[in-house]
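So the chains spell out like this:
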Amino acid sequence: MRRRALIGTAVLVVLVVLAGLFAYLTRDSRTPAKAPARGQSSASAVPYAPSPSASASAGRGTLPRPPATHDPIAFGRAAATALWSYDTRAYSQSRLLTALHAWMTSESKYADVASVDEQVPSAQLWEQMAQDRQYATATVAEAHFPASFTQALQADPGAIAQAYIYAVTVTGKQSIAWSGSPHGGAEDRSITLAVQCHPGKDCALVGVLPAVAP
């Protein structure tokens with residue numbers, strides 16, 4: 001709860017009009033966000049109900065590595081791609097979680113690791129997906145600062161210096177395939193991320209907001 005309060009103090013000054021972010025930063029740690037992310041991101045595309053066909057993009061089988069960038073938009077695009085991608089043929093669920101944790105900010109008072117973990121299929125579901133050799137890749141169509149974030153930042157440009165945490169909304173597509181269905185299906189994806197970019201330092205992931213901010 002102390003960590004949530006610290007995030008709220010540092011970020012809500014800038015994101016005061018983002019009601020979804022407020023809920024994210026102040027929710028009780030005893031009631032973590034549900035795992036709809038498992039239904040809205042990777043795990044929703046299990047082979048039991050595939051979407052219309054679409055070919056998967058390149059980059060299968062590689063664990064995601066954070067980019068060296070000072071640009072929150074560029075980092076947000078890369079982070080969304082990492083969160084929407086997986087390959088049960090190449091690595092375990094625990095290895096993917098470890099790889100994603102490397103994207104997190106080193107400032108533990110801000111990092112919300114649980115919100116990132118919720119984007120990954122559960123260990124049990126991963127085993128089921130692995131039996132079908134399921135994998136997913138992602139392509140990003142667009143990334144931007146939410147309008148409310150931009151407006152708040154324009155109203156008080158100095159507020160960002162409290163923690164250098166930016167809201168970034170990313171839209172794109174997740175393509176899924178599995179054994180026996182190499183073309184699988186594709187689903188549209190949208191996500192709003194909290195990204196920390198201190199001046200002169202590479203950006204890092206703070207967490208995933210529970211609702212997409214336009």
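No experiment lies behind these values; they were computed from the predicted model shown.

**Q** How should the packing of aromatic side chains be read in this particular structure?
**A** Aromatic ring pairs are defined here through the distance separating the ring centres and the angle between the ring planes. For the structure shown, the criterion picks out six aromatic pairs. Aromatic rings pair up to connect Tyr86, Tyr91 and Trp126 into one cluster. Over the face of the ring belonging to Tyr135 we find Arg89, whose NZ or CZ atom lies 3.7 Å from the ring centre.

**Q** So what exactly am I meant to see when it comes to the side chain of Gln93 here?
**A** Take Gln93: it is sitting in helix H5 (residues 93-101). Note on Gln93: relative accessible area 14%, which makes it buried. In this structure the side chain of Gln93 is engaged in a polar contact, spanning 3.0 Å, whose partner is the backbone oxygen of Pro121. Discounting chain neighbours no more than four positions away, the residues touching Gln93 are Val120, Pro121, Ser122, Ala123 and Trp126.

**Q** When you look at the nonpolar core in this model, what are you seeing that I'm missing?
**A** General note: in soluble globular proteins, nonpolar side chains tend to be found buried as a group. Grouped together as the largest cluster of nonpolar side chains are 39 residues, with contacts concentrated most on Tyr86, Val170, Ile191 and Leu193. Going through the elements one at a time, helix H4 (72-83), H5, helix H7 (123-131), strand E2 (135-144), strand E3 (165-178), strand E4 (181-196) and strand E5 (204-208) are the ones with two or more residues in this core. Those residues in contact with Val170 that lie beyond four places of it in its chain are Gly76, Arg77, Ala80, Trp84, Val140, Glu142, Ala143, Arg189, Ser190 and Ile191. Within the second largest apolar cluster, six residues are counted, among which are Tyr110, Ile165, Ala194 and Leu209.

Calculation rules
- Residues numbered from 1 in each chain as written.
- Predicted model: local features only at pLDDT ≥ 70, side-chain atom pairs only at ≥ 80, totals over all residues.
- Heavy atoms only, no water.
- Phe/Tyr/Trp six-rings, centres within 6.5 Å; stacked < 30°, edge-to-face > 60°.
- Lys NZ or Arg CZ within 6 Å of the ring centre and 35° of its normal.
- Helix = DSSP H or I, 4+ residues; strand = E, 2+ residues; numbered from the N terminus.
- Buried < 20%, exposed > 50% of the residue type's maximum accessible area, 1.4 Å probe, protein only.
- Polar contact = N/O pair within 3.5 Å; in protein donor to acceptor, adjacent residues only side chain to side chain.
- Contact = heavy atoms within 4.5 Å.
- Core = buried A, V, L, I, M, F, W, Y, C linked by side-chain atoms within 4.5 Å.

Taken by themselves, the reported measurements are silent on function.
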